[in-house]
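Structural overview for review
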Amino acid sequence: MSAFETDPRMKAESVAIRPLPTFDKRVKVLGSKSYSNRYLALAALSGEATTIEGALVCDDTQFLAAALRAFGHVEVDIDAAAERITVTPTGRDMVAPTEEVYVGAAGTPIRFLIAMAGHAEGTTVLTGTKRMQERPMGSLLDALPGVGVTAEAVRGNGSPPIRVTGPSFRGGSTRISGAVSSQFTSSLLINATRAQQDTEIHIVDDLVSKPYVEMTIAALADMGVAVERDGYTRFSVAAGQRLRGGTVVVEPDASGMSYFLAAAAVLGGKVTVPGIGKQSKQGDVGLVDALVRMGCTAEVAEDSITLTGGELHGIDIDMEAMPDAVPTLAVVAAFAQGTTHISNIASLRIKECDRIAAVTAELRKMGITVEEHPDAMTITGGAPRGAVIDTYDDHRIAMCFAIAGLRAEGVVIKDPGCVAKSFPAFWTTLDSLHDGTTSTL
């Protein structure tokens, strides 16, 4: 059974966080959400049976799996207990679903699916939550005609619902802005594997969140497709390359790991995470270096990361490459001496919520001085006090402020079930820090 079914906190209005003096813990982290989504999309395009081992089963991957089934060309079987997703071709062509495809708040899946719908016969409509219907997709919509795809925002505002007509993804040359989301570029790269022509993607400005494109290229290589490139300005996928099926293995999730690194930092504790190390391409591994700069010590081996907390002090840091770790670092900064300035994070304005505004508001509730800028935050550390934390239906806000509650007594997290988007077992894993058993994320 899933954590949502077995943990009553996932359906509760709020949860109170138990403070913790310190801990020394080994935490085994489940698979990367980003890699799980990428392998799942690629498996659906490969035409071969594929088994994804170590997959993260969460709202995002469940929504993506349901959408892939709706196209009729694959069966997707999920075994949450075994951390396994199996994708099997049905032998049928991709056909647009007769009903709208609803993806909830799953941002990565809808971006991959917008381009993927260009392979399906007929008209596909993709939509999501109220917040999803505010998130900008215009850069991807503007780029799709270059590869043959007709796609439009139903309301003409560049946001979902999105209507896509296919089969039309032929390949070719296109230009795209990288300034809003790297996932647009990843969507084109993934779906170029099924194009009839070579696909060439030109980035017209600076590409944000570059590590996520590196992860896409690594996933493509794992499944047999090479990408030619000129840095981050041009990417090319030659037609005729074949995605191979078989078994792929997902490495642990660096974003999920970040909360336990932060816990060690704010409590002066120690955590070891196995299965992820210095070769990882996940951008959020960079949080380790940021925490070391703030006063922690770390050992990054080939197959594990250990972080030990120390006396924390503020830093000045550009977080463009690891935006998902910004709320976590901001919470650590609230406990540090001095000022932390986190810059180049404008992309956080268009996440599940406006994360700059949300983190600012909730840290101020805890008595912390925060200056909010259009693309930055300045946090003056101190002694955060307990508060009732609004989570804005955003899993990362819930999880990072739960870490604050390990040290600041009286923290209450509202809507704790929102963590199901990426980390359904978060609350039970947090509990395990109190008891000395080895936890599994």
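Being a predicted model, the structure only gives us computed values, none of them experimental. (Residues numbered from 1 in each chain as written. Predicted model: local features only at pLDDT ≥ 70, side-chain atom pairs only at ≥ 80, totals over all residues. Heavy atoms only, no water.)

The subject of this paragraph is the packing of helix α2 (residues 33–46) against helix α7 (residues 210–222). Their axes nearest at 10 Å, the elements α2 and α7 cross at an angle of 45°. In terms of their interaxial angle, α2 and α7 are classed as oblique. In this structure, the crossing between α2 and α7 has a hand that is right-handed. On α7, the residues touching Ser34, Tyr35, Arg38, Tyr39 and Leu42 of α2 are Tyr212, Met215, Thr216, Ala218, Ala219, Leu220 and Asp222. For the contact of α2 with α7, the class distribution of residues is eight nonpolar, two polar and two charged. (Axes fitted to C-alpha atoms, helices over the stretch in contact; angles between N-to-C directions. Helix = DSSP H or I, 4+ residues; strand = E, 2+ residues; numbered from the N terminus. Parallel < 35°, antiparallel > 145°, perpendicular 65-115°, else oblique. Left-handed = near helix turned anticlockwise from the far one by under 90°. Contact = heavy atoms within 4.5 Å. Nonpolar A, V, L, I, M, F, W, Y, C, P; charged D, E, K, R; others polar.)

One number sums up the size of the second largest pocket: a volume of about 170 Å³. Around the second largest pocket sit 13 residues that line it, and Asp59, Ala105, Asp393, Cys418 and Lys421 are the ones nearest its centre. Here the residues of the lining of the second largest pocket are counted per class, giving five nonpolar, three polar and five charged. (1 Å grid on protein atoms, 1.4 Å probe; cavity = no way out; pocket = protein on both sides within 12 Å on 5 of 7 lines; lining within 4 Å. Points joined across faces, edges and corners; volume = space filled by probe spheres on them.)

Right, let's get into the nonpolar core. Grouped together as the largest cluster of nonpolar side chains are 80 residues, with contacts concentrated most on Leu291, Ile413, Phe426 and Trp427. If one sorts the elements of this core by residue count, helix α8 (residues 254–267) sits on top with 11 residues. Apart from residues lying up to four places away in sequence, Trp427 is in contact with Asp7, Arg9, Met10, Val15, Ile17, Ala398, Ala402, Ile413, Pro416 and Val419. Leu64, Val76, Met137 and Leu188 belong to the second largest nonpolar core, which has 70 residues in total. (Core = buried A, V, L, I, M, F, W, Y, C linked by side-chain atoms within 4.5 Å. Buried < 20%, exposed > 50% of the residue type's maximum accessible area, 1.4 Å probe, protein only.)

What follows concerns the packing of aromatic side chains. With the rule as written, the count across this model stands at seven aromatic pairs. Centre to centre, the rings of Phe63 and Tyr102 are 5.9 Å apart; their planes meet at 75°, and the pair counts as edge-to-face. Of this pair, Phe63 sits in helix α3 (residues 59–70) while Tyr102 sits in strand β6 (residues 101–102), and the two are 39 residues apart along the sequence. Look at Tyr102 and you get partly exposed, because its relative accessible area is 45%. Above the ring of Tyr232, the side-chain terminus of Lys210 is found at 5.6 Å from the ring centroid. A cation sits over an aromatic face here: Arg229 above Tyr232, 5.0 Å from the ring centre. (Phe/Tyr/Trp six-rings, centres within 6.5 Å; stacked < 30°, edge-to-face > 60°. Lys NZ or Arg CZ within 6 Å of the ring centre and 35° of its normal.)

Here the focus is empty space enclosed by the protein. Per the stated rule, a full pass over the model turns up one cavity of 30 Å³ or more. Looking at the largest cavity, its volume works out to about 360 Å³. What lines the largest cavity is a set of 33 residues, among which Thr108, Gln183, Tyr212, Asp324 and Lys351 lie closest to the centre. Taken together, the elements giving at least two residues each to the lining of the largest cavity come down to α2, α4 (107–116), α6 (182–191), α7, α8 and α12 (395–405). A per-class count over the lining of the largest cavity returns eight nonpolar, 12 polar and 13 charged.

What follows covers the environment of Leu30. By the element assignment, Leu30 lies in the loop between β2 (24–28) and α2. Judged by relative accessible area, which is 17%, Leu30 ranks as buried.

Once that is clear, we can look at unusual backbone geometry. Look at the link from Pro160 to Pro161: it is a cis peptide, with omega at 5°. Its place among the elements puts Pro161 in the loop between β8 (150–153) and β9 (162–166). Across the junction of Gly166 and Pro167, the peptide omega takes the value 0°, indicating a cis bond. Take Pro167: it is sitting in the loop between β9 and β10 (172–176). The backbone phi angle of Asp415 is positive, close to 50°, even though this residue is not glycine.

Taking 1.5 Å per residue as the helical rise, α7 with its 13 residues ought to reach 18 Å, and the 19 Å between its terminal C-alpha atoms agrees with that figure. Judged by how many residues are buried, α7 sits mostly within the fold: 11 of 13 residues are covered. Those residues of α7 not exposed but buried are Lys210, Pro211, Tyr212, Val213, Glu214, Met215, Thr216, Ile217, Ala218, Ala219 and Leu220. Its buried side turned inward, α7 meets α2, α6, β12 (228–230) and β13 (234–237). Directly after α7, the chain includes Gly224, whose backbone phi takes a positive value near 95°. (Expected span 1.5 Å × (residues − 1).)

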